[in-house]
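Now for the letters of each chain:
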Amino acid sequence: GQQVQQSPASLVLQEGENAELQCNFSTSLNSMQWFYQRPEGSLVSLFYNPSGTKQSGRLTSTTVIKERRSSLHISSSQITDSGTYLCAMEPDNNNRIFFGDGTQLVVKP
Amino acid sequence: NAGVIQTPRHKVTGKGQEATLWCEPISGHSAVFWYRQTIVQGLEFLTYFRNQAPIDDSGMPKERFSAQMPNQSHSTLKIQSTQPQDSAVYLCASSHSHSGNTLYFGEGSRLIVV
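These figures come from a predicted structure and were not determined experimentally.

K.L.:
So what exactly am I meant to see when it comes to the sheet that holds strand 1 (residues 5-7) of chain B here?
P.N.:
Sheets are built from strands that pair by backbone hydrogen bonding, the pairs being arranged parallel or antiparallel. Residue and element names in this part refer to chain B. Taken together, the four strands give an open sheet; going across it, the order is 1-3-8-7, and neighbouring strands pair in antiparallel fashion. In this open sheet, the two strands that pair with only one neighbour each are strand 1 and strand 7 (65-71). In this sheet, adjacent strand axes meet at a mean angle of 20 degrees when their direction is disregarded. Pairing analysis gives three bridges linking strand 1 to strand 3 (residues 19-24), with the strands arranged antiparallel. Bridge pairing in strand 3 places Gln6 opposite Cys23.

Here it is in C-alpha cells:
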C-alpha cells in the first residue's frame, strides 16, 4: 500500500551474505511488525517492534519512530531464508494495519 | 495452541456461485482480521472484529462480500456471485487486541473462480 514503502522489491544473495531490508512509512505509527511469508504462502510473525531494536538469532529489527522507518537485518543468510518479507504498520490514527508490497529474497548456494 | 485455523485451504468455484471461508482464531484472542492477497494488489485489508463485533469493514467490496463472527471461536467470510477477480488467497489473522499486539495468521484459503 502507499502508506508503506518497502525496499528492495527483490534481492538475490549468495549463502552467507547479509541483507538489509527497509520499510518506510508515510504517517506516524502506533505499531509495526515484520512477517516472513513462506513460498507456500503462510505468514509467520518475525518481530513486533514499534520502536527500538530487537534481535532474534540472525535477525535484527530496528524501528526509528521519528524517521518513520524500520529495517530488518539478516546476517549470514541461508538458503532457507528465501521467501517474502513483509512489514506492516498500524497508524496512530487508524485501526487498520497496512502492509508493504514485500521484499522477495532468494538465497543461492 | 493450534494457531489460527482456516478452512478450506483450497476452493475452486464456478463464476456466479457462492463461496464461504471459515476462520478459527487462537483461543483467547479478541481481534480477528480478514485480508486478501493477490500478486497485483498485495495484501489488502478487508475487515476486522473485536470481541465479535464488526469494527471496520471499509476494505470489503460492498455488494457481494460479507463477514460475520457469530461466536468467539469462528468467523466466516462469504462471497456471493463469485467473479474471476475474486480469485485470491484469503488470510485470517487474530491478535490479543485490535491494537498494539502481534498478528497471527492462518495459512490462508486459496480461492479460484473459474
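So that's the structure; there's more coming.
K.L.:
Would you take a moment to explain the sheet that holds strand 8 (residues 69-74) of chain A for this structure?
P.N.:
All names here are of chain A. Taken together, five strands build an open sheet; the order of strands is 1-3-8-7-6 and the sheet is antiparallel. A single partner strand is all that each edge strand has here, and the edge strands are strand 1 (4-7) and strand 6 (52-56). Strand-to-strand, the axes of this sheet are offset by a mean angle of 15 degrees, without reference to chain direction. Sheet topology places strand 1 next to strand 3 (residues 19-25); four bridges connect them, and they run antiparallel. Within strand 3, the position partnered with Gln5 by the bridge is Asn24.

K.L.:
Whenever I open this one, the layout of surface pockets confuses me. Can you help?
P.N.:
Gaps left between atoms show up when a probe the size of a water molecule is rolled over them. In this structure, the largest pocket spans a volume of roughly 770 Å³. What lines the largest pocket is a set of 34 residues, among which Gln37 and Thr84 of chain A together with Gln37, Thr38 and Ile39 of chain B lie closest to the centre. Of all the secondary-structure elements, those providing two or more residues to the lining of the largest pocket are strand 1 and strand 9 (83-91) of chain A together with strand 4 (31-38), strand 5 (42-50), strand 9 (88-95) and strand 11 (109-113) of chain B. For the lining of the largest pocket, the per-class residue count stands at nine nonpolar, 19 polar and six charged.

K.L.:
Would you mind showing me how to read the state of the cysteines here?
P.N.:
Structurally, a disulfide amounts to a covalent bond that connects the sulfur atoms of two cysteines. A full pass over the atoms with the stated rule returns two disulfides over all chains. The side chain of Cys23 of chain A participates in a disulfide bridge whose partner is Cys87 of chain A; the two sulfur atoms lie 1.6 Å from each other. Between Cys23 of chain A and Cys87 of chain A the sulfur-sulfur dihedral comes to about 50 degrees; the bridge is accordingly right-handed. With a gap of 64 residues between them, Cys23 of chain A in strand 3 and Cys87 of chain A in strand 9 connect regions that are remote in the sequence. By relative accessible area, Cys23 of chain A is classed as buried at 0%. Here Cys87 of chain A falls in the buried class, since its relative accessible area comes to 0%. Two residues share a disulfide in this structure: Cys23 of chain B and Cys92 of chain B, whose sulfurs sit 1.9 Å from each other.

K.L.:
Honestly, the pairing of strand 9 of chain A in this entry has me stumped. Any pointers?
P.N.:
Consecutive side chains of a regular strand alternate in pointing toward one face of the sheet and then the other. Residue and element names in this part refer to chain A. By the criterion of burial, strand 9 is predominantly enclosed, with nine of the nine residues buried. As judged from the eight bridges shared by strand 4 (residues 29-37) and strand 9, these two strands associate in the antiparallel manner. Bridging from a neighbouring strand, Met32 pairs with Met89 of strand 9. With three bridges joining them, strand 9 and strand 11 (residues 103-108) adopt antiparallel strand pairing. Its bridge partner lying in strand 11, Thr84 is registered against Gln104. As judged from the two bridges shared by strand 9 and strand 10 (residues 98-99), these two strands associate in the antiparallel manner. Pairing of Ala88 across the sheet is with Phe99, part of strand 10.

What counts as what
- Residues numbered from 1 in each chain as written.
- Chains lettered and ligands numbered in written order.
- Predicted model: local features only at pLDDT ≥ 70, side-chain atom pairs only at ≥ 80, totals over all residues.
- Heavy atoms only, no water.
- Pairing = 2+ DSSP bridges.
- Helix = DSSP H or I, 4+ residues; strand = E, 2+ residues; numbered from the N terminus.
- Axes fitted to C-alpha atoms, helices over the stretch in contact; angles between N-to-C directions.
- 1 Å grid on protein atoms, 1.4 Å probe; cavity = no way out; pocket = protein on both sides within 12 Å on 5 of 7 lines; lining within 4 Å.
- Points joined across faces, edges and corners; volume = space filled by probe spheres on them.
- Nonpolar A, V, L, I, M, F, W, Y, C, P; charged D, E, K, R; others polar.
- Disulfide = S-S within 2.5 Å.
- Buried < 20%, exposed > 50% of the residue type's maximum accessible area, 1.4 Å probe, protein only.

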